[in-house]
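Observations on the three-dimensional arrangement
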Amino acid sequence: MGDVQLDDGRTLRTYDTGGGDFVILWHHGTPNIGAPPAPLFAVSEPLGIRWISYDRPGYGGSTPSPDRTVASAASDAAAVADALGVDRFAVMGHSGGGPHALACAALLPDRVTAAVSVSALSPHTADGYFDGMAPAGVAALGAALAGRAAREHHALAPGDDDIGFLPADWAALSSDWSWFGEIVAAGQAAGPGPQVDDDLAFVRPWGFPLPAVTAPVLLLHGAADRMVPSVHATRLATQLPTAESRIIPSEGHITVMRHAADALHWLVTR
């Protein structure tokens, strides 16, 4: 763990597992911090994977950047990779990290070798964006569409308890993916501000064209996900010319991560 000072005066908190010749830059979900996915270490270490990552602005030890776009992740990721002495790398993101991983693939074509996006939103459109989404997500992202003041007000109001997790998701959070509890608690420690910034970025123009991605992309999504319904993966696939889509039957927002080991094998063979 360390800090990178950016030219604009901001700080990014970084993580680096060290070792391994195949570098994956991890993009964390919303609201998390950037610690790499410890439940995957048992698989990634034999594959020679080195994880690097950072707290997105406002989370953990990183300086807030309230007007950031999804596209801004590319310059932040490049600065982190430079500071850690990494030239080329793959990217992987879960949930809120998925769009940011795709931003890196689009805007850093000479550096990003391949991308995995898991359980990710697609860019906002007026048609069908909320189809199948749990009430909590509809309320939060709907408030974001109305602007910062509305989203900040929503963050302070009592929320809907139905965030879209399946019973199997809750079970995973108490067992093999209990790691999420640690990084979500740390991600929420600074208050709702970073999550507000994420949601505003998700529903605004992302700042890059998805068809610009030329690296191989794997879209991994649970067919039963209600936090981010799998229609978002379908929409992403139609705009990403190099994408392979794997929509896994019966899996939810968290349990789909049980298939992430296969995604790591996919990455290293690219």
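Residues numbered from 1 in each chain as written. Predicted model: local features only at pLDDT ≥ 70, side-chain atom pairs only at ≥ 80, totals over all residues. Heavy atoms only, no water.

Assignment of secondary structure puts Ser-62 in the loop between strand E4 (49–54) and helix H2 (72–83). Beyond its immediate chain neighbours, meaning those up to four positions away, Ser-62 contacts Thr-11, Leu-12, Arg-13, Asp-55, Arg-56 and Pro-57. (Helix = DSSP H or I, 4+ residues; strand = E, 2+ residues; numbered from the N terminus. Contact = heavy atoms within 4.5 Å.)

Turning next to the pattern of salt bridges. Under the definition given, this model contains 13 salt bridges. One salt bridge in this structure joins Arg-50 and Asp-16, with 2.7 Å as the shortest N-O distance. With Arg-50 in strand E4 and Asp-16 in strand E2 (residues 11–16), the pair connects residues that are 34 residues apart, well separated along the chain. Through salt bridges that share partners, Asp-8, Arg-10 and Asp-76 make up one connected network. (Salt bridge = Lys/Arg side-chain N within 4 Å of Asp/Glu carboxyl O.)

By size, the foremost hydrophobic cluster in this structure holds 47 residues, and its most contacted members are Phe-89, Val-91, Phe-208, Leu-236 and Leu-240. Once residues within four sequence positions are removed from consideration, Val-91 is found in contact with Ile-24, Leu-25, His-27, Ala-101, Cys-104, Val-112, Ala-114, Ala-115 and Val-116. Ranked by size, the runner-up nonpolar core spans 30 residues in total, among them Ile-24, Ile-33, Ala-114 and Ala-172. (Core = buried A, V, L, I, M, F, W, Y, C linked by side-chain atoms within 4.5 Å. Buried < 20%, exposed > 50% of the residue type's maximum accessible area, 1.4 Å probe, protein only.)

We now examine the layout of surface pockets. The volume enclosed by the largest pocket comes to roughly 910 Å³. Lining the largest pocket are 37 residues, with Thr-30, Pro-31, Ile-163, Gln-195 and Met-227 sitting closest to its centre. Considering each element in turn, the lining of the largest pocket owes the most residues, 5 residues, to helix H4 (residues 135–145). Class assignment for the residues of the lining of the largest pocket results in 20 nonpolar, 14 polar and 3 charged. (1 Å grid on protein atoms, 1.4 Å probe; cavity = no way out; pocket = protein on both sides within 12 Å on 5 of 7 lines; lining within 4 Å. Points joined across faces, edges and corners; volume = space filled by probe spheres on them. Nonpolar A, V, L, I, M, F, W, Y, C, P; charged D, E, K, R; others polar.)

This next bit is on the pairing of strand E5 (residues 89–94). Residues in a regular strand project their side chains so that they alternate between the two faces of the sheet. With respect to burial, E5 is a largely interior element, 6 of its 6 residues being buried. Burial of E5 is two-sided: the residues Phe-89, Val-91 and Gly-93 facing one way and the residues Ala-90, Met-92 and His-94 facing the other way are all buried. The pairing of strand E3 (residues 22–27) with E5 spans 4 bridges and is classified as parallel. Across the sheet, residue His-27 finds its bridge partner in E5, namely Gly-93. As judged from the 5 bridges shared by E5 and strand E6 (residues 112–118), these two strands associate in the parallel manner. By the bridge assignment, Val-91 is partnered in E6 with Ala-115. (Pairing = 2+ DSSP bridges.)

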